[in-house]
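A closer look at the structure
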Amino acid sequence: MRLCFCTVFSSFLELNYFDILSSWPEDLVGAMPKDYPASPKAQHLQESKKHRLTYILVVSSLCVAFYVLGAWQNTTMPKPVGNSAIARVDCDPTAQRDSSVPSFGSASETVLDFDAHHQLNLTDTEAVVQQFPACSLNFSEYTPCEDRKRGRRFEREMLAYRERHCPGKDEEIQCLIPAPPKYKNPFKWPQSRDFAWFDNIPHKELSIEKAVQNWIQVEGNKFRFPGGGTMFPHGADAYIDDIAKLISLSDGKIRTAIDTGCGVASWGAYLLKRNIIAMSFAPRDTHEAQVQFALERGVPAIIGVMGTQRLPYPSRAFDMAHCSRCLIPWGAYVNFSIDGLYLAEVDRILRPGGYWILSGPPINWKTHQQGWQRTKEDLKQEQDKIENVARSLCWSKVVEKRDLSIWQKPKNHLECANIKKKYKIPHICKSDNPDAAWYKKMEACVTPLPEVSNQGSIAGGEVERWPERAFTVPPRVKRGTIPGIDVKKFVEDKKLSEKRLAYYKRTTPIAEGRYRNVMDMNANLGGFAASLVKYPVWVMNVIPVNSDKDTLGAIYERGFIGTYQDWCEAFSTYPRTYDLLHADNLFSIYQDRCDITNILLEMDRILRPEGTAIIRDTVDVLTKVQAITKRMRWESRILDHEDGPFNPEKVLVAVKTYWTADPSEHS
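Structural notes, computed from the coordinates. Quick caveat, the model's predicted, so the values are computed rather than measured. (Residues numbered from 1 in each chain as written. Predicted model: local features only at pLDDT ≥ 70, side-chain atom pairs only at ≥ 80, totals over all residues. Heavy atoms only, no water.)

A look at the overall build of the protein chain
A tally of regular secondary structure across the protein chain gives 20 helices and 17 strands. The buried share of the protein chain, taken over its 667 residues, is 52%. For the protein chain, the proportion of contacts with a sequence separation of at least 24, taken over those separated by at least 6, is 71%. (Helix = DSSP H or I, 4+ residues; strand = E, 2+ residues; numbered from the N terminus. Buried < 20%, exposed > 50% of the residue type's maximum accessible area, 1.4 Å probe, protein only. Contact = heavy atoms within 4.5 Å.)

Below, the structure written as structure tokens:
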């Protein structure tokens, strides 16, 4: 605008000058000789010409100068708040920052500037941007929905008091969960499978209580995990070898597993090298922090319990289920007379043709009866009940050898015709949605399988062997059982996920071994997990219960694990258990349902210090999110969409800064 005005103004001055000259008679101007003395009028015109030319040059120069100055001001980025002293709060001066953590201290060509240009320095804005306070140290291992004090208000029967019981509005806290003093970045995988820092989980109870069983040992300033368990004191690796002698674990047919009552998840840890991923779960009970130890090791795990409610997984999810002295009453429940309730739930989540493995009481009771301090009659009765319930579910017993017993679920329910004549079959569940599993009561009934045309067919469709399974169209998609999802959209999602990963690799250390435990908070079809298959990470795929498409079953059919979750509530995990959180349009789903501040505080709780969050959403949503993250001691930047600046969706990349509780504070 300035340059256009200057040009017009200069042209106007020049036009006035030439208008004067053109008003002279042509013959007068042309007839005058070169050496003819100028008349007073001519001299005046010449002097006027010089003054006007000078004026034009001065004005033009000023216009150009002001234009350049304005352009320079518009392209200068303000210094980000993330560069200030709050970027790193070190209560432990000896702690070292991981050099691979992405830094947002300098502006780059990909950074979008949504900050005000009249920006004050940090000390001036502290009164304006109020930081969330740090919680006291006794909240360091706070699990909001599995709080033991709150759990005491509920019935102890069927372990209802250990199920999810989230805080009410009057119990919610809005403070930052502190890491314990001297917290260190966990060991990198695969070393983390065997070692963890004592300062990160300062609990010696399991090393004393389970010393004979080799669960965990304290060695100086770290824990060592020998791989032992209650039924495999010589190590999970040898125990898994024994299982592999009975059923095949190496041909890719078994990929997803669930471990009920997992301890420190050594069974799941040693399955990983066999390309089998296990969802390990255990309650928050007297075995202090067992799930926290599992996640610190880089092994998939979640807080959970076999109680009154369904497990938060879809039907036909797992290829293999496992219980090693997990103390779950499989045959019945005392005072309730509900025969087979828990085995019926295992049947619901087990894939057709899947295996259930049981070791520990009552298996091989003749050998272990005295050590278990139970009568022969009691143990025999318990095993008989389990055998009867398994038969009533149409399961066939594959083998029982020493301490191991293995059953197999039928491929379809046509195979049950002969069994129905001989044994009492529980009634078929009346629920029209076997995948419904969020706060839904268990039922002592048989979950119906999709119909098949012949006995050899697998109900619901057969899955490919791993690793082809990860990239093959899942049976649920092929059969069109997910509204709005077809093969074309699955292929499009696969390509989109690969494109996104290529973009993330340019903005985060996602391909450099920095991350191990990853959560996709709105996983869609599991494309993000599939794109990360070749990296040393595992992904917890979460499907919000408010999503209009339930795709978790298809994710399991691809060979990945995950869970349902309502993000208006806390996730069933300990603080500081994930390295990377990915949230694709999550806040657009929840911004009208609950306070997004609470969702971000939950993300801060479960994210490790110097962990990363990648949040995708519209600009207006991300600016709100970024304003909150500035109060959480996070560094963040909003970047363009991978397709360029004209896409309305943007990407916020944030890093949780390192800070710990005050060492002088006592819990």
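Still to come is the rest of the account.
A closer look at the state of the cysteines
Note: disulfide means a covalent bond formed between the sulfur atoms of two cysteine side chains. Evaluation of the coordinates by the stated rule reveals six disulfides. For Cys 323, the disulfide goes to Cys 326, at an S-S distance of 1.9 Å. Residues Cys 323 and Cys 326 are joined through a disulfide that is left-handed, its torsion about the S-S bond being -95°. Exposure class is identical for Cys 323 and Cys 326. Each is buried. (Disulfide = S-S within 2.5 Å.)

A word on helix α12 (residues 376–392)
Compared with an ideal rise of 1.5 Å per residue, which puts 17 residues at 24 Å, α12 spans 24 Å between its outermost C-alpha atoms and is within 8% of the ideal. Burial in α12 covers these residues: Leu 379, Glu 382, Gln 383, Ile 386, Glu 387, Val 389, Ala 390 and Ser 392. Summarising the contacts, the buried residues of α12 are in contact with α10 (341–349), β8 (350–359), α11 (365–372), β9 (396–401) and β10 (404–408). Following α12 by one or two positions, Cys 394 adopts a phi angle in the positive range, close to 70°. (Expected span 1.5 Å × (residues − 1).)

A look at unusual backbone geometry
A cis geometry characterises the amide bond from Trp 189 onward to Pro 190, with omega recorded as 10°. Within the fold, Pro 190 resides in the loop between α5 (148–151) and β1 (195–197). Omega for the bond connecting Pro 361 with Pro 362 falls within 30 degrees of zero, at 5°, which places this linkage in the cis form. Structurally, Pro 362 can be placed in the loop between β8 and α11. Even without being glycine, Arg 316 reaches a positive phi, approximately 55°. For Arg 316, the position within the fold is in the loop between β6 (301–303) and β7 (318–324). By relative accessible area, Arg 316 is classed as buried at 10%. Although it is not a glycine, Arg 633 adopts a positive phi angle of roughly 65°. Tracing the chain through its elements places Arg 633 in the loop between α20 (619–629) and β16 (634–639).

Some remarks on the nonpolar core
By size, the foremost hydrophobic cluster in this structure holds 129 residues, and its most contacted members are Trp 267, Met 320, Trp 330, Trp 356, Met 519, Phe 587 and Met 603. Among the elements that take part in this core, helix α19 (residues 596–606) stands out by supplying six residues, more than any other. When we break this core down by domain, the ones giving at least three residues each are domain 1 (233–422) and domain 2 (468–665). If we skip the residues at most four places from it in the chain, Met 320 touches Ile 247, Leu 249, Ile 254, Thr 256, Ala 257, Ile 258, Trp 267, Leu 271, Ile 276, Leu 350, Tyr 355 and Ile 357. (Core = buried A, V, L, I, M, F, W, Y, C linked by side-chain atoms within 4.5 Å. Domains from an automatic or database assignment.)

Remarks on the sheet that holds strand β11 (residues 517–520)
Strands sit in the order β13-β12-β11-β14-β15-β17-β16 across an open sheet of seven strands; the sheet is mixed. At either end of the open sheet lies a strand with only one pairing partner, and these are β13 (561–565) and β16. Strand after strand, the sheet turns through a mean of 15° between neighbouring axes, direction not considered. Its contacts with the sheet put α19 on β11, β14 (578–584), β15 (607–618), β16 and β17 (649–656), and the angle it makes with β15 is roughly 145°. Packed on one face of the sheet, α20 meets β15, β16 and β17 and runs near 155° to β15. (Pairing = 2+ DSSP bridges. Axes fitted to C-alpha atoms, helices over the stretch in contact; angles between N-to-C directions.)

So, the packing of α11 against α12
Two elements in contact, α11 and α12, have axes whose closest approach is 10 Å; the angle formed by their N-to-C orientations is 125°. Considering their axes alone, α11 and α12 lie oblique with respect to each other. The handedness of the crossing between α11 and α12 comes out as right-handed. Across the interface between the two elements, Trp 365, Gln 369 and Trp 372 of α11 pack against Lys 376, Leu 379, Lys 380 and Gln 383 of α12. Classifying every residue of the contact of α11 with α12 by side-chain character gives three nonpolar, two polar and two charged. (Parallel < 35°, antiparallel > 145°, perpendicular 65-115°, else oblique. Left-handed = near helix turned anticlockwise from the far one by under 90°. Nonpolar A, V, L, I, M, F, W, Y, C, P; charged D, E, K, R; others polar.)

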